[in-house]
Amino acid sequence: MTSPAEQLSLLAPAAPARQPADDAVRLLLFNAQHASPERSRRQAAWLAAQDDADIVVLTEVSPTHAGHALVTALTDRGYATVIAPQPHTPDYRTVIACRTRDAESVETPVAHLPHRAPAARVTIGDHTVGILGLYVPSRGPKERRNQAKRAFQEAVTEALPKLPALFPRMPLIVAGDLNVIERGHQPPHRVFGEWEYTFYDSFKDADLTDTFRRLHPAQAAHSWYGRSGNGFRFDHTFISTAHTGSLLTCGYHHEAREAGLTDHAVMTLHMDLTHPS
């Protein structure tokens, strides 16, 4: 199990800005872009104002005082449970924030860089869902090109088949910035190798369904743009295939990116927990 220091369940305000739904998953995926403390507080204020954000998976969170400012601001804004693993050496991390207190950190099955892959069980009304957040490393400096990325992807691929045992008989959601694209991505990007497409395929092999592609089978969408202006669909949410009938909506939203709060589109996912699986 993760240590108590990795889960911050702190006193929330008496009247949170938003109340969580008790019959649906309302999840939001947000790249914090190693924000400064000041921008972290603006990010938390924006997130707290969103109806879609009962559960927030935040990627690229700083391990330093800036990341602590984000965790503190989320708590102050009504997130009663914030799971924020701290790396042993300086590295970006993934954070899971929930408006409900009825959420708990569980030991991640990802053995390499576990602070980039926190896991949680979240109770919503009469239902419990499993959450795994992911932030895959970028390609890295020239002298260590793809080393961290390959190692983390291999650890995730090994962990994915273990998720049903960790979250038995419940909807499972995996959300994060994978730093890879799907096969057939438009526009195509030759920089990606077969090993990266194989990593994306590993989610389907583990009986997980790409929620955006499930609802929008032919739509080209991008969550990050390079200096040339080319778009990449780096940010993804997957759910256990047995629960795809519960999907309501899934999409990318660019308001926060256009406002300078992040350099990624925000991704939202809604699931109806009253739908029989």
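Predicted, not measured: the structure shown is a model, and the values here were computed from it. (Residues numbered from 1 in each chain as written. Predicted model: local features only at pLDDT ≥ 70, side-chain atom pairs only at ≥ 80, totals over all residues. Heavy atoms only, no water.)

Caption draft 1: Spatial organisation of the pattern of salt bridges. One pass over the structure, following the stated rule, counts 13 salt bridges. Between Asp51 and Arg18 there is a salt bridge; the shortest N-O distance is 2.7 Å. Taken as a pair, Asp51 in the loop between helix 1 (37-48) and strand 3 (55-61) and Arg18 in the loop between strand 1 (7-8) and strand 2 (24-31) lie far apart in primary sequence, 33 residues in all. Take Asp51: its relative accessible area is 43%, and that puts it in the partly exposed class. Taking the shortest distance from any N to any O, the salt bridge between Glu194 and Arg183 comes out at 2.7 Å. Residue Glu194 is found in helix 5 (residues 194-205), and its partner Arg183 is found in the loop between strand 9 (172-177) and helix 5; the two are separated by 11 residues along the sequence. Here the residues in one salt-bridge network are Glu182, Asp210, Arg213 and Arg233, joined through shared partners. (Salt bridge = Lys/Arg side-chain N within 4 Å of Asp/Glu carboxyl O. Helix = DSSP H or I, 4+ residues; strand = E, 2+ residues; numbered from the N terminus. Buried < 20%, exposed > 50% of the residue type's maximum accessible area, 1.4 Å probe, protein only.)

Caption draft 2: Local environment of the sheet that holds strand 6 (residues 103-106). Strand order across the open sheet formed by six strands is 6-7-8-9-13-10, with mixed pairing between neighbours. Two strands bound the open sheet, and with one partner strand each, they are strand 6 and strand 10 (208-210). Taking the axes of each pair of neighbouring strands and ignoring which way they run, one obtains an average angle of 25 degrees across the sheet. (Pairing = 2+ DSSP bridges. Axes fitted to C-alpha atoms, helices over the stretch in contact; angles between N-to-C directions.)

Caption draft 3: Structural view of the packing of helix 1 against helix 2 (residues 65-76). Running from N to C, helix 1 and helix 2 cross one another at 25 degrees; their axes reach a closest spacing of 8 Å. Considered as vectors, helix 1 and helix 2 are oriented roughly parallel to each other. In this structure, the crossing between helix 1 and helix 2 has a hand that is right-handed. Two secondary-structure elements touch here, helix 1 through Pro37, Ser40, Arg41, Gln43, Ala44 and Leu47 and helix 2 through His65, Ala66, Ala69, Leu70, Ala73 and Leu74. Tallied by class, residues from the contact of helix 1 with helix 2 come to eight nonpolar, three polar and one charged. (Parallel < 35°, antiparallel > 145°, perpendicular 65-115°, else oblique. Left-handed = near helix turned anticlockwise from the far one by under 90°. Contact = heavy atoms within 4.5 Å. Nonpolar A, V, L, I, M, F, W, Y, C, P; charged D, E, K, R; others polar.)

Caption draft 4: Expanded view of unusual backbone geometry. Omega for the bond connecting Gln186 with Pro187 falls within 30 degrees of zero, at -5 degrees, which places this linkage in the cis form. Phi at Asn179 is positive, roughly 55 degrees, even though this residue is not glycine. When its relative accessible area of 12% is taken as the criterion, Asn179 is described as buried. With a phi close to 65 degrees, Asp207 is a non-glycine residue in the positive phi region. Examined against the element boundaries, Asp207 turns out to sit in the loop between helix 5 and strand 10. Asp207 sits in the partly exposed class, given a relative accessible area of 48%.

Caption draft 5: Focus on the pairing of strand 13 (residues 235-240). The element strand 13 is largely enclosed, with a buried count of six among its six residues. Bridge count between strand 9 and strand 13: five bridges; the pairing is antiparallel. If you follow Ile173 over to strand 13, its bridge partner there is Ile239. Where strand 10 lies against strand 13, three bridges are found, and the strand directions are antiparallel. Directly across from Thr209, in strand 13, lies its bridge partner Ile239.

Caption draft 6: Quick peek at the packing of aromatic side chains. Under the criterion given, the structure shown has 11 aromatic pairs. With 6.0 Å between their ring centres and 55 degrees between their planes, Tyr200 and Phe238 make a pair best called tilted. Highlighted residues: Tyr200 in helix 5 and Phe238 in strand 13, separated in sequence by 38 residues. Judged by its relative accessible area of 12%, Tyr200 falls in the buried class. On the basis of relative accessible area, Phe238 is assigned to the buried category, the value being 2%. Taken together, the ring pairs connect Phe192, Trp224, Phe232 and Phe234 into an aromatic cluster. If you follow Arg150 out to its NZ or CZ, it ends over the ring of Trp195, 4.1 Å from the centre. (Phe/Tyr/Trp six-rings, centres within 6.5 Å; stacked < 30°, edge-to-face > 60°. Lys NZ or Arg CZ within 6 Å of the ring centre and 35° of its normal.)

Caption draft 7: Fine view of the side chain of His115. Turning to its location among the elements, His115 is positioned in the loop between strand 6 and strand 7 (119-124). With a relative accessible area of 9%, His115 lands in the buried category. Engagement of the side chain of His115 in a polar contact is seen with the side chain of Asp91, the distance being 2.7 Å. (Polar contact = N/O pair within 3.5 Å; in protein donor to acceptor, adjacent residues only side chain to side chain.)

Caption draft 8: Layout of the side chain of Thr75. Counting through the fold element by element, Thr75 comes out in helix 2. In this structure Thr75 comes out as buried when scored by relative accessible area, which is 3%. In terms of polar contacts, Thr75 uses its side chain to reach the backbone carbonyl oxygen of Val71, at 3.0 Å.

By themselves, these observations are geometric and do not establish any function.
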